[in-house]
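Structural overview for review
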Amino acid sequence: MPDNWPSFTLRSRAYSAPAPEDLWRSVSIFNFYRLAMGALFVFLVSQFGNTLSLGSSNPPLFFRTSIVYVALALASQMAIKLRQPRASLQLALQVGTDIVCVTVLLHASGGIQSSLGMLLLVSLVAAGMISRGKITLFFAALASLALLLQHSYAVLFQDAAVAQYVQVGLLCIAYFAVAWLAHTLAKYAIASEKLATLRGVDLANMAEASRLVIQDMPDGVLVVDKHGVIRQHNPSAERLLGYTFPNAGNVTLDECAPLLVGLFAAWRQNYGRAHEMLRLPATNHQVRVRFLPVQRDGFWGAVLFFEDMQRVQAQAQQIKLAALGRLTANIAHEVRNPLASISYATELLREGEHDPAQVRLFQIILDNAARLNRIVQDVMQLNQRDRVQNETINLAEKLPVFIEELRNTEGVPQDVFSLDVQSPCEVNFDRVHLEQVLWNLCSNALRYCQKQARSVGLSVWRSTNGRVVLEVADDGPAIAPDIVQKLFEPFFTTSTGGTGLGLYIARELCEANGAMLEYVSRTSGGACFRIVFGEKNER
């Protein structure tokens, strides 16, 4: 897995051995088998006696050994419940008990010809699958040694046939073969479990990555199965559809967007209709719907993308404006040099001219050249809106210093300005951009106010949704409604010496910093401009 995998990577458990609970469960199941086998022996011997070959050589020994075997199995079950001692040790004790008890039962039943030695194969397989280690071969060696010792005792003291060593040897070989096979299968099981766990982790990570991508997409996304049940969605889909999906329960396409049901059915009949234009009635948004089938081993469903055409058009407009801004800035840069030359030449001509009419004409040229130069400077400032260097600014500290600088520059009394900051509100904003916006708004307020005490007011507060709001208001004449609609248009001005770019540039700089500049109508008269800082300032 890559080193730079996201932080939601899941942990996988160790693969060298099963988890503790799985191991205890396996040991418990194996012990139930042992308990059932011992109880079966006790039942058969007590009910059928000599009619069976069980205990044919020594019935009392067979019966007592079966009773002891059941008692030991019950004791193991109690130890498993108490989780003491550890599971691996209990497994070793159980297999060791099986080897001893089965060997004694085999001896009491006449030796190798009773075939009871085959029962140890089950114990060896269980030990190999549960322990998953080479200790199974050790158990096979113990079982083989016990079988050889039993048959040797029978040959020496009970006149057993020496030729039966062949059967004993074959059974011992079977012990080792089964033990090795169980060990090999356990290794394969470990490898398969490891691979399955890794695949599960990869799938979980990919599912989480897909979920994060879908949630962060600006387009609406719906994942729909073939029955029209919505399996996944994102916030943009909720916004465009005007439907709030419940946290639990299945929602069908017919419930949240009935218009899409017909489109979905028509698309399933003809996959060529992958793009459809649709106006959603709940939000009146015009969207382009795209269908992508989800099919690998047959059709499962589809992914529906809702592309907001208003957002697409706004992005296209922004691209056009950015290109136009760069072009205008380049043109403005080229115009500055000719303007400087015109102004300089006009100054020289005016110095040698004594005719008042000619001097007035030269002054007209200089005034218009200066106005063009201001327009060029404003356009070049507008081109710098993308170069934002945000920093944390405390308005309670910044605004008094700004007002003092503006008052000294404009030469107005100190009591003309009033400042009301409810709390130390901090905003993230480019310092130069904020000064330019405030300078433009306050200069306009000074130009149109009555120049009396508290004619220009600056107030700062935090709204109910946590955003910082700054207002600049004056007591001058109210702005006509037909002019309000054109306030932020470029090159619109009611002043003879203005360029008409001040408010337009101020709004563009606010938007570049994630804020919003708007005009607020007031019944008391005057003008009021409000800056609502963005979500990043909600703290």
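Residues numbered from 1 in each chain as written. Predicted model: local features only at pLDDT ≥ 70, side-chain atom pairs only at ≥ 80, totals over all residues. Heavy atoms only, no water.

**Details of the overall build of the protein**
- Check the secondary structure of the protein and you find 15 helices and 13 strands.
- Its C-alpha atoms give the protein a radius of gyration of 45 Å, clearly above 24 Å, the size a compact globule of 539 residues would have.
- Dimensions along the principal axes, computed over C-alpha positions, put the protein at roughly 155 × 60 × 50 Å.
- Within the protein, the fraction of its 539 residues that count as buried is 39%.
- Sequence-distant contacts, at least 24 apart, represent 64% of the contacts inside the protein between residues at least 6 apart.
- Taken as a whole, the protein presents about 30,100 Å² of accessible surface, with 58% of it coming from carbon and sulfur.
- Seen as two clouds, the 47 positive and the 46 negative side-chain charges of the protein have centres 10 Å apart. (Helix = DSSP H or I, 4+ residues; strand = E, 2+ residues; numbered from the N terminus. Rg over C-alpha atoms; globule rule 2.2 N^0.38 Å. Buried < 20%, exposed > 50% of the residue type's maximum accessible area, 1.4 Å probe, protein only. Contact = heavy atoms within 4.5 Å. Areas by Shrake-Rupley, 256 points an atom, 1.4 Å probe, with all protein chains shown as cover. Lys, Arg positive; Asp, Glu negative; His and termini not counted. Charge placed at Lys NZ, Arg CZ, Asp CG, Glu CD.)

**Some details on helix α3 (residues 87–108)**
- Between its terminal C-alpha atoms α3 stretches 31 Å, which fits the 32 Å expected from 22 residues at 1.5 Å a residue.
- Within two residues after α3, glycine 110 carries a phi angle of roughly 105°, on the positive side. (Expected span 1.5 Å × (residues − 1).)

**Examining the packing of helix α13 (residues 431–448) against helix α15 (residues 502–512)**
- Contact geometry for α13 and α15: axes closest at 9 Å, N-to-C directions at 145°. Read as a crossing pair, α13 and α15 show a hand that is left-handed. The segment α13 lies against α15, with His433, Gln436, Val437, Asn440, Leu441 and Asn444 engaging Gly502, Leu503, Ile505, Ala506, Leu509 and Cys510.
- Its residues assigned to classes, the contact of α13 with α15 comprises 7 nonpolar, 5 polar and no charged. (Axes fitted to C-alpha atoms, helices over the stretch in contact; angles between N-to-C directions. Left-handed = near helix turned anticlockwise from the far one by under 90°. Nonpolar A, V, L, I, M, F, W, Y, C, P; charged D, E, K, R; others polar.)

**A short note on the environment of leucine 198**
- Of note, leucine 198 is situated in helix α6 (residues 165–216).
- With 29 residues separating them in the primary sequence, leucine 198 and glycine 169 have C-alpha atoms 43 Å apart.

**Looking at the sheet that holds strand β6 (residues 299–308)**
- Here 6 strands make up an open sheet; going across it, the order is β3-β2-β1-β6-β5-β4 and the pairing antiparallel. Among the strands making up the open sheet, the edge pair consists of β3 (251–252) and β4 (275–280).
- One ladder, built from 3 bridges, connects strand β1 (residues 220–225) with strand β2 (residues 229–233); its direction is antiparallel. When the sheet's bridge partners are listed, valine 223 is paired in β2 with glutamine 232.
- Sitting on the sheet, helix α9 (residues 258–269) touches β1, β4, β5 (285–295) and β6, and the angle it makes with β6 is about 125°. (Pairing = 2+ DSSP bridges.)

**Description of the pairing of strand β9 (residues 426–430)**
- The buried count for β9 comes to 4 of 5 residues, which makes it a mostly enclosed element.
- With 5 bridges connecting them, strand β7 (residues 390–394) and β9 associate as antiparallel partners. The residue of β9 that forms the bridge with threonine 392 is asparagine 428.

**Details of the packing of aromatic side chains**
- Across all of its chains, the model carries 13 aromatic pairs by this definition.
- Aromatic pair tyrosine 243 and phenylalanine 245: ring centres 5.1 Å apart, planes at 80°, arrangement edge-to-face.
- The rings of Phe264, Trp267 and Phe291 are connected pair by pair, giving a single aromatic cluster.
- Cation over ring: arginine 290 sits above phenylalanine 305, and NZ or CZ is 4.7 Å from the ring centre. (Phe/Tyr/Trp six-rings, centres within 6.5 Å; stacked < 30°, edge-to-face > 60°. Lys NZ or Arg CZ within 6 Å of the ring centre and 35° of its normal.)

**Focus: the pattern of salt bridges**
- Inspection of every chain in the model, using the stated rule, returns 11 salt bridges.
- Across the pair glutamate 307 and arginine 288 runs a salt bridge whose closest N-O atoms are separated by 2.7 Å. Residue glutamate 307 is located in strand β6, and its partner arginine 288 is located in strand β5; the two are separated by 19 residues in the primary sequence.
- You can call glutamate 307 buried: its relative accessible area is 16%.
- When its relative accessible area of 28% is taken as the criterion, arginine 288 is described as partly exposed.
- Between arginine 530 and glutamate 471 there is a salt bridge, with its nearest N and O atoms 2.5 Å apart. Taken as a pair, arginine 530 in strand β13 (residues 528–532) and glutamate 471 in strand β11 (residues 468–474) lie far apart in primary sequence, 59 residues in all. (Salt bridge = Lys/Arg side-chain N within 4 Å of Asp/Glu carboxyl O.)

**With respect to a nonpolar patch on the surface**
- Taken together, the side chains of Val125, Met129, Leu181, Leu185 and Tyr188 make up a nonpolar region of the molecular surface, amounting to roughly 470 Å² of accessible area.
- Put simply, the parts of the chain that give the nonpolar patch at least two residues each are α4 (119–131) and α6.
- For the nonpolar patch, the element with the most residues is α6, which contributes 3 residues.
- Residue position: leucine 181 is located in helix α6. (Patch = residues over 30% accessible without salt bridge, like charges linked within 9 Å, V, L, I, M, F, W, Y side chains within 5 Å.)

**A look at helix α1 (residues 20–48)**
- The end-to-end C-alpha distance of α1 is 42 Å, a good match for the 42 Å that 29 residues give at a rise of 1.5 Å each.
- The positive-phi residue at the C-terminal boundary of α1 is glycine 49, with phi of around 55°.

**Brief notes about the sheet that holds strand β12 (residues 516–519)**
- Judged by pairing direction, the sheet is mixed, and its 5 strands sit side by side in the order β8-β10-β11-β13-β12 without closing on themselves. Because the sheet does not close on itself, it has two edges, and the strands there are β8 (417–421) and β12. Averaged over all neighbouring strand pairs, the angle between strand axes comes to 15°, with direction disregarded.
- Inspection of the sheet shows β12 paired to β13 by 4 bridges, in the antiparallel sense. Bridge pairing in β13 places methionine 516 opposite valine 532.
- Where helix α12 (residues 395–410) meets the sheet, it contacts β8, β10 (456–462) and β11, and its direction lies at approximately 175° from that of β8.

**Things to note about the confidence of the model for the protein**
- On average, the protein scores 83 in pLDDT, and the residues at 70 or more come to 90%.
- Between residues 1–17, whose pLDDT stays under 50, and residues either more than four places distant or in other chains, the model counts 24 contacts. (pLDDT = per-residue confidence, 0-100.)

**Overview of the nonpolar core**
- Membership of the largest hydrophobic core comes to 42 residues, with the highest contact counts inside it found for Leu395, Phe417, Leu470, Phe529, Ile531 and Phe533.
- Elements represented by at least two residues in this core include exactly α12, β9, α13, β10, β11, α15, β12 and β13.
- Per-element accounting of this core gives the leading share, 7 residues, to α13.
- When near neighbours in sequence (up to four residues on either side) are disregarded, isoleucine 531 contacts Val437, Leu441, Val468, Val469, Leu470, Cys510, Ala515, Met516 and Leu517. (Core = buried A, V, L, I, M, F, W, Y, C linked by side-chain atoms within 4.5 Å.)

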